Amino acid sequence: MSAYEPVLLRRLGKKECQSIAGYRADGGYKTLERVLREMTPDQVTTQVKDSGLRGRGGAGFPTGLKWTFLPKGHPGPVYLCVNCDESEPCTFNNRVLIENDPHQVIEGIILASYAIRAKTAYFYVRYEYGFGTRQIQKAIDEAYEAGILGNKILGTDYSLDIFVHRGAAAYICGEETGLIESLEGKRAWPRIKPPFPAIEGAFRKPTIVNNPETLANVVHIMDRGIEWFKSLGVPPDPKNPRDAGSYGPKLYCVSGHVNKPGIVELPMGVTLRELVDKHGGGVWKGRKAKGAIPGGNSMGVIPESEFDIPLDFNGPGTVKALGLGTAAVTVFDEETSIVDVLYNLCRFFAHESCGQCTPCREGTGWMLKIVERIRNGQGRREDLDILEEVADRIGIMPGTTICGLADGAGWPVKTAIRKFRPEFESYLKEGTRGGVRLKMAGAH
Ligand SMILES: Cc1cc2nc3c(=O)[nH]c(=O)nc-3n(C[C@H](O)[C@H](O)[C@H](O)COP(=O)(O)O)c2cc1C
Ligand code: SF4
């Protein structure tokens, strides 16, 4: 692992490569030029499909396969929506990409748009990313000037426009159909599926939604080939018939109670322990870790004893967490109360629920109220069972909500209670931690 040379972050720190001149001098856009001249859109789709690339936005859906869901021979327009909403707490891999290497992302967007025969791509970017938005817009402007965007790209028959759309500053804007609604100028209320966006998406036309990191990977799959991509990462787990493998490089964010928070690019499958101890510089203040959120708030929490899991698409599931998510690891140390951790997680989801579905709107609110009550020292033993029951019943998977936010709200609750139950029980009994009354100021 230590010999791995970054690909996606190769230009990090090379400020000159942020301009189109520097990017081209460093070999940028050569892959695009070759692909546009020598390959058909279907060949690009096949190469991406055969590489085993899975989406980096959270769900891990196979990218090339998703592209094939577009209706065959559709007269168009077909759209690409780039999902740079990135509101998952502690996740900043897209921000690092667009701020430091915007042309790499644009090259990926053009390749993907060519593959799906889109002539328009929308770059939907998190509202709070002011600098990133300026960087991507500047790079788009430069690309137009250089004939890399617009009509007849690089003298070929392919044309593409990219429009930047600033997000509406809510977590739900990252859910792909919420994003599409927001792009259309409406409130980001996720749509009932089917129809999926590939059939009916932006402006009711076939649409592919992909994450910037996913698209940056496309550049390297087209440049270095399938074998290279598959030489990184891990093959499918034979014990899990639904696992499609986790290939290629991945950007991992490490934050929370570590000495060296930051981002690192590694082949898929690094263990959580290596990420924390080696790349995150270990737990701060000489303490031990109590646990971590392995891939963004929606994935759940796991105790330190499970840190040896590989962070690939399959690994977190082996310890009954939801999945890899955004691969953003947030560590909490041994002095942190799990009740506080869960309270913060519940607060986030109750605030971000868009309110369309009763089980999500009410369920996230109930869970917050119950955890708040426990935190205030007024919890009851049966609260833990009620929390688990609510968490199990809200979400797409039990079939009670429109989108996955509710599933994401449930996983931290059920994993926290299942994996840290003794701490909750002793908290309920004592209402204290380390002898200190934890009642919040102002609580009754
Ligand atoms: C509540 C919620 C928030 C999401 N936020 C994001 C996000 O910020 N960025 C993202 O790429 N995907 C996000 N997703 C996943 C998208 O719906 C979609 O699966 C993804 O953008 C597809 O891109 P990919 O296949 O390249 O991963 C979110 C999903 C849910 C349910
Ligand atoms: S699950 Fe929650 S966030 Fe998703 S549509 Fe329903 S209410 Fe909105």
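Residues numbered from 1 in each chain as written. Chains lettered and ligands numbered in written order. Predicted model: local features only at pLDDT ≥ 70, side-chain atom pairs only at ≥ 80, totals over all residues. Heavy atoms only, no water.

A. Region of interest: the overall build of the chain. Helix and strand content of the chain: 17 helices and 13 strands. A compact globule built from 444 residues would reach a C-alpha radius of gyration of about 22 Å, and the chain, at 22 Å, matches this within 12%. Scored against the burial criterion, the 444 residues of the chain give a buried share of 59%. A sequence separation of at least 24 residues applies to 69% of the contacts in the chain between residues at least 6 apart. Just so you have it, the chain exposes about 18300 Å², and 52% of that area is on carbon and sulfur atoms. If you average the places of the 56 positive and of the 53 negative side-chain charges in the chain, the two averages end up 2 Å apart. (Helix = DSSP H or I, 4+ residues; strand = E, 2+ residues; numbered from the N terminus. Rg over C-alpha atoms; globule rule 2.2 N^0.38 Å. Buried < 20%, exposed > 50% of the residue type's maximum accessible area, 1.4 Å probe, protein only. Contact = heavy atoms within 4.5 Å. Areas by Shrake-Rupley, 256 points an atom, 1.4 Å probe, with all protein chains shown as cover. Lys, Arg positive; Asp, Glu negative; His and termini not counted. Charge placed at Lys NZ, Arg CZ, Asp CG, Glu CD.)

B. Main features of the site of ligand 1. Near ligand 1 you find 18 residues, and of these Gly-57, Asn-83, Glu-86, Asn-211 and Thr-214 are the closest. The backbone of Arg-56 places a nitrogen or oxygen atom 3.4 Å from an oxygen atom of ligand 1. Between Gly-174 and ligand 1, the recorded distance is 3.3 Å, taken from a backbone N or O atom to a nitrogen atom. Here ligand 1, which alone exposes 610 Å², has 88% of that area covered by the protein. (Near = heavy atom within 4 Å. Polar contact = N/O pair within 3.5 Å; in protein donor to acceptor, adjacent residues only side chain to side chain.)

C. Expanded view of the environment of Thr-133. For Thr-133, the location among the structural elements is in helix α7 (residues 130-145). The spacing of Thr-133 and Arg-95 is 38 residues in sequence and 9.3 Å in space, taken between C-alpha atoms. When residues no more than four places from it in sequence are discounted, the contact partners of Thr-133 are Ile-98, Val-125, Arg-126, Val-164 and Arg-166.

D. Representation of the domain arrangement of the chain in the model. Split into domains, the chain comes out as domain 1 (15-231), domain 2 (246-300 + 322-332) and domain 3 (338-437). Taken together, the contacts link 11 residues of domain 1 with eight residues of domain 3. Here domain 1 packs against domain 3, burying approximately 850 Å² in sum over the two surfaces, 76% of which is carbon and sulfur. Seen at the junction of domain 1 and domain 3, the total is zero salt bridges. Summed over the shared surface of domain 1 and domain 3, the number is three residue pairs in polar contact (both at pLDDT 80 or more). Across the side of domain 1 that touches domain 3, the residue classes tally to seven nonpolar, one polar and three charged. (Domains from an automatic or database assignment. Buried area = accessible area lost by both parts, 1.4 Å probe. Salt bridge = Lys/Arg side-chain N within 4 Å of Asp/Glu carboxyl O. Nonpolar A, V, L, I, M, F, W, Y, C, P; charged D, E, K, R; others polar.)

E. Spatial organisation of helix α13 (residues 338-352). Under the 1.5 Å per step criterion, the end-to-end length of α13 is 21 Å for 15 residues, consistent within 8% with the ideal 21 Å. The buried fraction of α13 is high, at 11 of 15 residues. Along α13, the residues that are buried comprise Ile-338, Val-339, Asp-340, Val-341, Leu-342, Tyr-343, Leu-345, Cys-346, Phe-348, Phe-349 and Glu-352. Backbone nitrogen of Val-339 and a side-chain oxygen of the N-cap are separated by 3.1 Å at the start of α13; the cap is Ser-337. (Expected span 1.5 Å × (residues − 1).)

F. Structural context of the pattern of salt bridges. Evaluated as defined, the whole model comprises 37 salt bridges. We note a salt bridge from Glu-128 to Arg-126, for which the minimum N-O separation is 3.1 Å. According to the relative accessible area criterion, Glu-128 is partly exposed, its value standing at 44%. Arg-373 is the salt-bridge partner of Asp-383, the closest N and O atoms lying 2.5 Å from each other. Of this pair, Asp-383 sits in helix α15 (residues 382-393) while Arg-373 sits in helix α14 (residues 358-375); the two residues are 10 residues apart in sequence, bridging distant segments of the chain. Relative accessible area serves as the criterion here: at 0%, Asp-383 is assigned to the buried category. By relative accessible area, Arg-373 is classed as partly exposed at 24%. One salt-bridge network, in which partners are shared between bridges, spans Arg-381, Asp-385, Glu-388, Asp-392, Lys-414, Arg-418, Arg-421 and Glu-425.

G. Quick peek at the sheet that holds strand β7 (residues 249-256). If you walk across this open sheet you meet the five strands as β8-β7-β11-β9-β10, and the pairing is mixed. Looking at strand neighbours, the two that pair on one side only are β8 (262-267) and β10 (302-303), the edges of this open sheet. Here strand β9 (residues 289-293) pairs with β10 via two bridges, running antiparallel. Considered in β10, the bridge of Ala-292 is made with Ile-302. Packed onto the sheet, helix α5 (residues 93-100) meets β7 and β8 and runs at close to 115° relative to β7. (Pairing = 2+ DSSP bridges. Axes fitted to C-alpha atoms, helices over the stretch in contact; angles between N-to-C directions.)

H. View of the packing of α13 against α14. For the pair α13 and α14, interaxial distance at closest approach is 9 Å and the crossing angle is 155°. The pairing of α13 with α14 is recorded here as roughly antiparallel in orientation. The crossing of α13 and α14 is left-handed. On α14, the residues that touch Val-339, Asp-340, Leu-342, Tyr-343, Cys-346, Arg-347, Phe-349 and Ala-350 of α13 are Thr-364, Gly-365, Met-367, Leu-368, Val-371, Glu-372, Ile-374 and Arg-375. Considered class by class, the residues forming the contact of α13 with α14 number 10 nonpolar, two polar and four charged. (Parallel < 35°, antiparallel > 145°, perpendicular 65-115°, else oblique. Left-handed = near helix turned anticlockwise from the far one by under 90°.)

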